[in-house]
Amino acid sequence: MGRERGREERDFGPGGDDTDCSILHVDMDAFFASVEVRRHPELRGKPVVVGGTGGRGVVSSASYEARAFGVRSAMPTSRARALCPQAIFIPPDSGAYGEASRAVMAILRDVTPLVEQLSVDEAFLDVAGARRLLGPPAQIAIDLRARIARELQLPCSVGIAPTKFLAKLGSARAKPDGLLLIPRARVLEFLHPLPVSTLWGVGERSAEQLHRVGLRTVGDVAQAPMGLLRSAVGDAAATHLHELASGRDPRPVTTGREEKSVGSETTYDIDVSDHERIKQTMLALSGQVGARLRAAGQSGRTIAIKVRFADFKTINRSRTLPVATDVSQEIFQTAWTLFRALGPTDRIRLIGVRVEGLAGAEGAARQLALGEPERGWREAERAIDAAASRFGRAAVKPASLLKAGDRRRQPDKRAEPDRLDPLSDGFTAS
DNA sequence: TCTGGGGTCCTAGGACCC
DNA sequence: TCTGGGGTCCTAGGACCC
């Protein structure tokens, strides 16, 4: 096993022991922060925090300079400010990160079509088939890092190992801006001293359960009797964790995973009691979800809402329709019915709308053929989609989302519901 | 310090069918 | 007249990941 930061050639030359290490895990370093630094070069070397800057924001990404002060992802922005007041705080720009992500993934796919994208900033590659053309995996990783740095000016770390889980551990250990090869012969030596929380699928709760029965390291889990493991985390997880802890992980790198649900949610700056306000939010969220479904040519049968109360208690309610839909109006009507069924509520912090059980658009097509009443809505919404793609989403919106003043002037883009997508309950163009 | 928004997967109970 | 067990679908909750 060798660690590299600018010393790749010596540690990972073609003679390196990367026999049957054909899985690469590529993970961008402090991705959002790095993209911001790239477009604002004056920020280089400074603590940069990307995250919600409103009262209830959390940190999405922190540069390593900010991490030195203890700033971490998912931490409330207010805490990050307390830890590092001199940091530069930047609101997220998902469009920019998506664009950077596509550029990264394109480079990865240039190496091999066997790329499994895990999230916006990480992916697995199986380079077994690329060996003959591009050299041993370690060399491929070295070239890949160099190319991403040169063409995109973005740092990343790469793990190389016999399995996905180990490759992921490798990239984590190599950060920032490094590379780590874990040869098969040294897998257990690497794995067993690590804390149980390193295992994929072990979060705070499972770690607690494992600690409770005396298991603290990955080695402990590998050697634990299955009965004990099952009592701590349940049947399925026990089997899975025991495999991972033993260095086994048969999951292949797979391409083209299908999406299973599409949702949108929003947290209020101040908890809301007014159900009319909730209704407007649901209308807007349903509009976003419907628009994304239609853009993706998908539809789903199950409509789910999520409600988080002031005390952070969170509930979900769902209803499955006889026929899949991609119609915002139908999503909204179902969501609103589910909400009203709750009766009077405590103050609400978050509202979410999600469509699950996705299938291609055949469901929707069938509905169209049957001439069901949603047909009118679908056509109206398609017209809005077309207008929005020409003039922007802000140009078209449901009349009920316009504030009184907006009826006479341009929509106020800063007003919360106006950022949300149109619904067709009588739309207007501006 | 007070907890975002995008998701996936698992469990468990009840309904319903055979 | 009382009752088994398997399979599938639906709903709710929760853990987890990035």
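The preceding data block contains the structure.
Here is a short report on the structure shown in this document. Quick caveat: nothing in here was measured; it's all calculated off a predicted structure.

1. Considering the sheet that holds strand β13 (residues 348-360)
1) Next: Taking strand neighbours across the sheet as the criterion, the four strands line up as β10-β13-β11-β12 in an open arrangement whose pairing is antiparallel. The open sheet terminates on both sides in strands that have one partner only, identified here as β10 (261-272) and β12 (314-325). Within the sheet, the average angular offset between the axes of one strand and its neighbour, ignoring direction, is 15°.
2) Next: Pairing analysis gives eleven bridges linking strand β11 (residues 298-309) to β13, with the strands arranged antiparallel. Looking at the pairing, V307 lines up with I351 of β13.

2. Quick word on the nonpolar core
1) Next: Of all hydrophobic cores here, the largest spans 40 residues; its most connected members are L24, F31, L108, L125, L144, I148 and I160.
2) Next: The biggest single contributor to this core is helix α5 (residues 94-111), with eight residues.
3) Next: The contact partners of L108, leaving out residues within four places of it in the chain, are V26, V115, A123, L125, L144 and I148.
4) Next: If you look at the next biggest cluster of nonpolar residues, it comprises 31 residues, including F190, L194, V196 and V221.

3. Brief notes about the protein's contact with DNA strand C
1) Next: As a matter of local geometry, DNA strand C sits amid 19 residues, with K168, S206, R317, S318 and T320 nearest to it.
2) Next: Looking at DNA strand C alone, sugar and phosphate atoms form 100% of those within 4 Å of the protein.
3) Next: Interatomic distance of 2.8 Å between a side-chain N/O atom of S119 and a sugar or linking oxygen of DNA strand C.
4) Next: Here a phosphate oxygen of DNA strand C and a backbone polar atom of N316 are 3.1 Å apart.
5) Next: Mapped by element, the contributors of at least two residues to the surface near DNA strand C are α10 (204-212) and β12.
6) Next: At six residues, β12 tops the list of elements feeding residues into the surface near DNA strand C.
7) Next: Its residues assigned to classes, the surface near DNA strand C comprises four nonpolar, seven polar and eight charged.

4. Notes on helix α7 (residues 137-152)
1) Next: Taking 1.5 Å as the rise per residue, α7 with 16 residues should run 22 Å; its terminal C-alpha atoms sit 22 Å apart, in good agreement.
2) Next: Along α7, the residues that are buried comprise P137, A138, Q139, I140, A141, I142, L144, R145, I148 and L152.
3) Next: The first or second residue beyond α7 is Q153, which carries a positive phi of 55°.

5. Some details on the pairing of β13
1) Next: As judged from the eight bridges shared by β10 and β13, these two strands associate in the antiparallel manner. Residue G263 lies in a different strand from β13, and its bridge partner there is R354.

6. A short note on helix α8 (residues 164-174)
1) Next: Here α8 lies mainly inside the structure; eight of its eleven residues are buried.
2) Next: Along α8, the residues classified as buried are K164, F165, L166, A167, L169, G170, S171 and A174.
3) Next: Here α8 starts with a cap whose side-chain oxygen sits 3.2 Å from the backbone nitrogen of L166, and that cap is T163.

7. Quick word on unusual backbone geometry
1) Next: That bond from K175 to P176 is cis: its omega, -10°, falls within 30 degrees of zero.
2) Next: A positive phi angle, close to 40°, is found at A30, a residue other than glycine.
3) Next: One non-glycine residue, D177, lies in positive phi territory at about 55°.
4) Next: Among the secondary structure elements, D177 is positioned in the loop between α8 and β9 (179-181).

8. Some words on the protein's contact with DNA strand B
1) Next: In the region of DNA strand B, 24 residues are neighbours, and S261, E265, T267, R292 and R349 sit closest.
2) Next: Among atoms of DNA strand B positioned within 4 Å of the protein, sugar and phosphate together represent 69%.
3) Next: Here K260 contributes a backbone N or O atom positioned 2.8 Å from a phosphate oxygen of DNA strand B.
4) Next: In this structure, T267 approaches DNA strand B through a side-chain N or O atom, which is 2.4 Å from a phosphate oxygen.
5) Next: Listing elements by their share of the surface near DNA strand B, those giving two or more residues are α4 (77-83), β10 and β13.
6) Next: By residue number, the principal contributor to the surface near DNA strand B is β10, which donates seven residues.
7) Next: By residue class, the composition of the surface near DNA strand B is seven nonpolar, eight polar and nine charged.

9. So, the pattern of salt bridges
1) Next: Following the criterion strictly, the structure yields 21 salt bridges and no others.
2) Next: When the shortest N-O distance is used, the salt bridge between D235 and R230 registers 3.7 Å.
3) Next: Classification of D235 by relative accessible area gives exposed; the value is 55%.
4) Next: Linking D271 and R347 is a salt bridge whose minimum nitrogen-to-oxygen distance equals 3.5 Å. Here R347 lies in the loop between α15 (328-340) and β13 and D271 lies in strand β10, a separation of 76 residues in the sequence.
5) Next: Put simply, E36, R39 and D93 are held in one network by salt bridges that share partners.

10. Concerning the pairing of strand β2 (residues 23-28)
1) Next: Among the six residues in β2, six count as buried, and that is most of the element.
2) Next: Sheet analysis places β2 next to strand β7 (residues 122-126), joined by five bridges and oriented antiparallel. Residue D27 lies in a different strand from β7, and its bridge partner there is E122.
3) Next: Pairing analysis gives six bridges linking β2 to strand β8 (residues 156-161), with the strands arranged antiparallel. In the sheet register, I23 faces β8, and the bridge partner there is A161.

Calculation rules
- Residues numbered from 1 in each chain as written.
- Chains lettered and ligands numbered in written order.
- Predicted model: local features only at pLDDT ≥ 70, side-chain atom pairs only at ≥ 80, totals over all residues.
- Heavy atoms only, no water.
- Pairing = 2+ DSSP bridges.
- Helix = DSSP H or I, 4+ residues; strand = E, 2+ residues; numbered from the N terminus.
- Axes fitted to C-alpha atoms, helices over the stretch in contact; angles between N-to-C directions.
- Core = buried A, V, L, I, M, F, W, Y, C linked by side-chain atoms within 4.5 Å.
- Buried < 20%, exposed > 50% of the residue type's maximum accessible area, 1.4 Å probe, protein only.
- Contact = heavy atoms within 4.5 Å.
- Near = heavy atom within 4 Å.
- Polar contact = N/O pair within 3.5 Å; in protein donor to acceptor, adjacent residues only side chain to side chain.
- Nonpolar A, V, L, I, M, F, W, Y, C, P; charged D, E, K, R; others polar.
- Expected span 1.5 Å × (residues − 1).
- Salt bridge = Lys/Arg side-chain N within 4 Å of Asp/Glu carboxyl O.

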